2 protein chains.
Amino acid sequence: MSRVLHNFFRSSASVRVRAALNLKGLDYEHVSYTLRQGEHRSPAFLSLNPQGLVPALQLGDGTVLAQSLAIIEYLDEAYPEPALLPATPLDRAWIRSLAQAIACDIHPVNNLRVLQYLDEKLGIDEEGVARWFRHWVAEGFAPLERQLAADPRRGRFCHGDAPGLADICLFAQIANNRRFAVDMTPYPTLAAINAHCLESPAFVEALPENHPHAS
Amino acid sequence: MSRVLHNFFRSSASVRVRAALNLKGLDYEHVSYTLRQGEHRSPAFLSLNPQGLVPALQLGDGTVLAQSLAIIEYLDEAYPEPALLPATPLDRAWIRSLAQAIACDIHPVNNLRVLQYLDEKLGIDEEGVARWFRHWVAEGFAPLERQLAADPRRGRFCHGDAPGLADICLFAQIANNRRFAVDMTPYPTLAAINAHCLESPAFVEALPENHPHAS
């Protein structure tokens, strides 16, 4: 059985895992779920991933892994080259803290299901939802810009000249931001890292618009 | 210089790191920040942790680590015993996925700053904020209960009979839930794991009410 990525073309967490699989040079098939239609809540998918969230990675033996950062850490442990985390515990903590500043503090608050709750349950209008989205991006991106601009370990990417976990999260968030026209002018360092990601087919192929089931 | 944990007694992410430090038997001093008064946004704290979030762990050499999960992974790498993650990549992915189901999908959406935005910017009343909080806990806890109830690796804790990263996140979330009187009846497996945590001084001392600067 082949490796199968259960995912959605536009999901930011799905973009992360696609980029990681591509960077590792690992083959996978796609099964796609349309989140707005609730396909990730179907009994068939819930039997694979009870958390009912994409992405989920199904391995050749049928094992299903959930949560994008857990999946990427697994890939990095099981397929060490090229490494997506630095070698020393302190550098790893630094890169994980950048990744989590996005994956814990920006993305979950701006997830589709949260935006839907604002719209459907709280009656927040389109402009209010866009303001919410941009607020949490700015809350997270402003310190990331300051931290990365000042960090001597930064090269073309967050840590040196090879992409890793933090770049993957940053890239996916910037792709996600496009839906709400987030202005990147205040974040030149983040924009430069993203531009370096876009020079690599591993990242470009992970973009929503290049997904085989993009619609 | 001693190890210093910059934290807030009631912050769920601070509870996690306190429990991890206690489980590892590592000494630390507390510097406390009152979030409602914005003390974590002071220039002094921002110069230590530009992300302006607690907890942050300052090591003996002055290095500051941010993001609770990154800090705990660092502690587990730098002080391997007792281990907070299992040994194999697949088991580690499983435990990280449980931890992230809480730390990425429940807690950030229910963080103080998000609840304040609902109240102050969107005019949601107290009951609406409580409904929001309980909604995201239920969205996350229901699948966690099903997953853990069915998992053969579960013992007294999420993975076997020793506490680890997932238990730490679960314990901190359940402590956080008390402010909104979340009913634990639908989650007997999660409640049992929490009860086992409460038998250990490492966890009990990490509770908000046992913090030296609790108010």
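Residues numbered from 1 in each chain as written. Chains lettered and ligands numbered in written order. Predicted model: local features only at pLDDT ≥ 70, side-chain atom pairs only at ≥ 80, totals over all residues.

Peer 1: When you look at the overall build of chain A in this model, what are you seeing that I'm missing?
Peer 2: Secondary structure summary: chain A contains nine helices and four strands in total. Sequence-ordered secondary structure for chain A, helices as α and strands as β, is β-α-β-α-β-β-α-α-α-α-α-α-α. In chain A, once contacts between residues fewer than 6 apart in sequence are set aside, the share between residues at least 24 apart is 68%. (Helix = DSSP H or I, 4+ residues; strand = E, 2+ residues; numbered from the N terminus. Contact = placed C-beta atoms within 7 Å.)

Peer 1: Sorry, what's going on with the interface of chain B and chain A here?
Peer 2: Accessible area lost during the coming together of the parts is what is often quoted as the interface size. Between chain B and chain A, the contact holds 33 residues from the first and 33 residues from the second. Per element, the largest residue contribution to the side of chain B that touches chain A is nine residues, and it comes from helix α4 (residues 89-103) of chain B. Considered class by class, the residues forming the side of chain B that touches chain A number 20 nonpolar, seven polar and six charged. (Nonpolar A, V, L, I, M, F, W, Y, C, P; charged D, E, K, R; others polar.)

Peer 1: Which parts of the structure should I look at to understand the pairing of strand β1 (residues 4-7) of chain A?
Peer 2: For a regular strand, side-chain orientation follows a simple rule: the groups alternate between the two sheet faces. All names here are of chain A. By the bridge criterion, four bridges tie β1 to strand β2 (residues 29-32) in an arrangement that is parallel. Bridge pairing links Val4 to Glu29 in β2. Viewed along the sheet, the connection from β1 through helix α1 (residues 12-24) into β2 turns out right-handed. (Pairing = 2+ DSSP bridges. Right-handed = clockwise from strand over helix to strand, strands pointing away.)

Peer 1: Hey, could you run me through the sheet that holds β1 of chain A in this one?
Peer 2: Each strand in a sheet pairs with its neighbour through backbone hydrogen bonds, running either in the same direction (parallel) or in the opposite one (antiparallel). Residues and elements named next belong to chain A. Taking strand neighbours across the sheet as the criterion, the four strands line up as β2-β1-β3-β4 in an open arrangement whose pairing is mixed. Looking along the sheet, the strands with just one partner apiece sit at the ends: β2 and β4 (64-66). Adjacent strand axes in the sheet meet at a mean angle of 20°, parallel and antiparallel pairs treated alike. (Axes fitted to C-alpha atoms, helices over the stretch in contact; angles between N-to-C directions.)

Peer 1: What am I meant to see in the relation of the copies chain B and chain A here?
Peer 2: The two chain copies are related to each other by a rotation about an axis together with a translation along it. Superposing chain B onto chain A takes a rotation of 180° combined with a translation of 0.0 Å along the rotation axis, leaving an RMSD of 0.0 Å. What the rotation and shift describe, once combined, is the action of a two-fold rotation axis. Looking at chain B, 100% of its interface residues are interface residues in chain A too, so the copies touch through the same face. (Least-squares fit on C-alpha atoms with pLDDT ≥ 70 in both.)

Peer 1: Explain the sheet that holds strand β2 (residues 29-32) of chain B to me, please; I cannot follow it from the model alone.
Peer 2: All names here are of chain B. On the basis of which strands lie adjacent, the open sheet formed by four strands has the order β2-β1-β3-β4 and mixed pairing. What marks the edges here is a single partner per strand, and that holds for β2 and β4 (64-66). Recorded for the sheet is a direction-independent mean angle of 20° between the axes of neighbouring strands. Along the sheet, helix α1 (residues 12-24) makes contact with β1 (4-7) and β3 (56-58), crossing β1 at roughly 160°.

Peer 1: Is there a simple way to explain helix α6 (residues 126-150) of chain B in this structure?
Peer 2: In an α-helix, one turn spans 3.6 residues, which is why side chains three or four residues apart end up on the same side. All names here are of chain B. Taking 1.5 Å of rise per residue, 25 residues should cover 36 Å, and α6 covers 36 Å from first to last C-alpha, within 8% of that figure. Along α6, the positions that sit buried rather than exposed are Trp132, Phe133, Trp136, Val137, Gly140, Phe141, Leu144, Gln147 and Leu148. Residues of α6 that are buried make contact with α4, α5 (112-120), α7 (165-177) and α8 (188-197). (Expected span 1.5 Å × (residues − 1). Buried ≥ 20, exposed ≤ 12 C-beta atoms within 10 Å, placed from the backbone.)

Peer 1: Is there a simple way to think about the packing of α7 of chain B against α8 of chain B in this case?
Peer 2: Each pair of packed helices gets described by two things: the angle between the helix axes and the distance between those axes. Residues and elements named next belong to chain B. At a minimum axis separation of 10 Å, α7 and α8 run at an interaxial angle of 95°. Looking at the two axes, α7 sits roughly perpendicular to α8. On α8, the residues touching Asp167, Leu170, Phe171 and Ile174 of α7 are Leu190, Ile193, Asn194 and Cys197. Class assignment of the residues belonging to the contact of α7 with α8 gives a composition of six nonpolar, one polar and one charged. (Parallel < 35°, antiparallel > 145°, perpendicular 65-115°, else oblique.)

Peer 1: How should unusual backbone geometry be read in this particular structure?
Peer 2: A negative phi angle is the norm for most residues apart from glycine, just as the trans form is the norm for most peptide bonds. Residues and elements named next belong to chain B. Look at the link from Val54 to Pro55: it is a cis peptide, with omega at 0°. Put simply, Glu81 and Pro82 share a cis peptide bond, and its omega is -15°. Locating Pro82 in the fold gives a position in the loop between α3 (68-78) and α4.

Peer 1: What am I meant to see in the domain arrangement of chain A here?
Peer 2: All names here are of chain A. When the domains of chain A are assigned, the result is domain 1 (4-82) and domain 2 (89-203). For domain 1 versus domain 2, the distance between C-alpha centres works out to 20 Å. Between domain 1 and domain 2, the contact holds eleven residues from the first and 16 residues from the second. For the side of domain 1 that touches domain 2, the secondary structure elements donating two or more residues are α1 and α3 (68-78). Take the side of domain 1 that touches domain 2: its biggest share by element is seven residues, from α1. Each residue belonging to the side of domain 1 that touches domain 2 can be placed in one class, and the counts come to eight nonpolar, two polar and one charged. (Domains from an automatic or database assignment.)

Peer 1: Which parts of the structure should I look at to understand the packing of α3 of chain A against α4 of chain B?
Peer 2: Between α3 of chain A and α4 of chain B, the shortest axis-to-axis distance is 8 Å and the interhelical angle comes to 160°. What the angle tells us is that α3 of chain A and α4 of chain B run roughly antiparallel. For the crossing formed where α3 of chain A meets α4 of chain B, the hand is right-handed. Between α3 of chain A and α4 of chain B, the contacting residues are Leu69, Ala70, Ile71, Glu73, Tyr74, Glu77 and Ala78 of chain A on the first element and Pro89, Arg92, Ala93, Arg96, Ser97 and Gln100 of chain B on the second. (Left-handed = near helix turned anticlockwise from the far one by under 90°.)

Peer 1: Looking at this structure, how should I read the pairing of β1 of chain B?
Peer 2: In the sheet, β1 of chain B pairs with β3 of chain B via three bridges, with the strands oriented antiparallel. Bridge pairing in β3 of chain B links Val4 of chain B to Gln58 of chain B.

Peer 1: Where do I start with the environment of Pro163 of chain A in this structure?
Peer 2: All names here are of chain A. Turning to its location among the elements, Pro163 is positioned in the loop between α6 (126-150) and α7 (165-177). Through-space distance from the C-alpha of Pro163 to that of Ser200 is 9.6 Å; in sequence the pair is 37 residues apart. Apart from residues lying up to four places away in sequence, Pro163 is in contact with Leu23, Phe157, Ile168, Cys197 and Ser200.

Peer 1: Which parts of the structure should I look at to understand the confidence of the model for chain A?
Peer 2: Mean pLDDT for chain A: 95, with 100% of residues reaching 70 or above. Scoring the predicted complex yields pTM 0.97 and, for the interface, ipTM 0.97. (pLDDT = per-residue confidence, 0-100.)

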